[in-house]
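# Structural overview
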Amino acid sequence: MTTTVSANRKGDRRERELVNALDDAGFAVMRAPASGAATERELPDVLAGDGETFYAIEAKSSAGDPIYLTGEEVEALLFFAQNFGAKARIAVRFDREDWYFFHPGDLYTTDAGSYRVKKETALADGTDFPEFVGETEKVTLGEVAAGSGEAGGDGVDPEVEERREILEAVRDGHMPVEDALDVL
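Residues numbered from 1 in each chain as written. Predicted model: local features only at pLDDT ≥ 70, side-chain atom pairs only at ≥ 80, totals over all residues. Heavy atoms only, no water.

Along strand S6 (residues 99-102), one buried face is formed by Trp 99 and Phe 101 and the opposite face, lined by Tyr 100 and Phe 102, is buried too. Two strands pair when backbone bridges link them, and strand S5 (residues 87-94) and S6 are joined in this way by four bridges, in the antiparallel orientation. Residue pairing for S6: Val 92 is matched across the bridge by Tyr 100. The antiparallel hairpin formed by S5 and S6 contains four residues in its connecting segment, where Arg 96 sits at a positive phi of about 65°. Looking at chain direction, S6 and strand S9 (residues 127-128) are connected through two bridges and run antiparallel. Bridge pairing in S9 links Phe 101 to Thr 127. (Buried < 20%, exposed > 50% of the residue type's maximum accessible area, 1.4 Å probe, protein only. Helix = DSSP H or I, 4+ residues; strand = E, 2+ residues; numbered from the N terminus. Pairing = 2+ DSSP bridges.)

Following this line, the structure appears as structure tokens:
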């Protein structure tokens, strides 16, 4: 019981930390009260917007173990985000690391239907906080090589490959059309 209470307190503290960081970055932001425990409705942990873009965010933290979300948590987030007119995002934070953000469709799905984020995946593939709030933009090694006149290692144009992946995500139902339009 104390482990659960301690974990809940840490999760609450991390959510408040995320809310404060988003607020400092200029977002209008609020933390949903008890994220569904205080109401019959499933609510995201955090709602944030900057006047142009609005996010419904499910926030999870871990000391180092992989972070898991149930299929129901992700479905509820996607349902709320779509009805609210927000972009659904999963925010993860591992101890001694910053926040990283993912579209739910970009997460690994287990055979049991849960979603998983490993620390290595967050660091390698996640959108870091400065990029999420628009302070920086991620550039891949392939893009750097393409910018210097070299092919991206396998001869595939990284922009074309990225567009293909986005269109496939929309086709497969992993990404809403609105999110794809924003990315493209």
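This next bit is on unusual backbone geometry. Excluding glycine, residues mostly have negative phi values, and the peptide bonds linking residues are mostly trans. For Arg 96, which is not a glycine, the phi torsion comes out positive at approximately 65°. Along the chain, the position of Arg 96 falls in the loop between S5 and S6.

This next bit is on the environment of Ala 91. If you trace the backbone, Ala 91 turns up in strand S5. It is 9.5 Å that separates the C-alpha atoms of Ala 91 and Asp 128, two residues lying 37 residues apart in sequence. Here Ala 91 is in contact with Leu 18, Ile 57, Glu 58, Ala 59, Lys 60, Trp 99, Tyr 100 and Phe 101, once residues within four sequence places are set aside. (Contact = heavy atoms within 4.5 Å.)

Tallied over the full model, the rule gives five aromatic pairs. Centre to centre, the rings of Phe 27 and Tyr 55 are 6.5 Å apart; their planes meet at 45°, and the pair counts as tilted. Within this pair, whereas Phe 27 is found in the loop between helix H1 (2-24) and strand S1 (28-31), its partner Tyr 55 is found in strand S3 (residues 54-62), the two being separated by 28 residues in sequence. Both residues of the pair, Phe 27 and Tyr 55, belong to the buried class. On the numbers, 6.3 Å between centres and 40° between planes, the contact of Phe 101 with Phe 129 is tilted. Of the two residues, Phe 101 sits in strand S6 while Phe 129 sits in helix H4 (residues 129-132), which places them 28 residues apart along the sequence. Both residues of the pair, Phe 101 and Phe 129, belong to the buried class. Grouped by ring-pair contacts, the aromatic residues Phe 27, Tyr 55, Phe 101, Phe 129 and Phe 132 constitute a single cluster. (Phe/Tyr/Trp six-rings, centres within 6.5 Å; stacked < 30°, edge-to-face > 60°.)

As for its placement among the helices and strands, Ser 62 is situated in strand S3. A distance of 2.8 Å separates a polar side-chain atom of Ser 62 from the backbone oxygen of Asp 65. (Polar contact = N/O pair within 3.5 Å; in protein donor to acceptor, adjacent residues only side chain to side chain.)

Without other data, these values stay purely geometric and don't point to any function.
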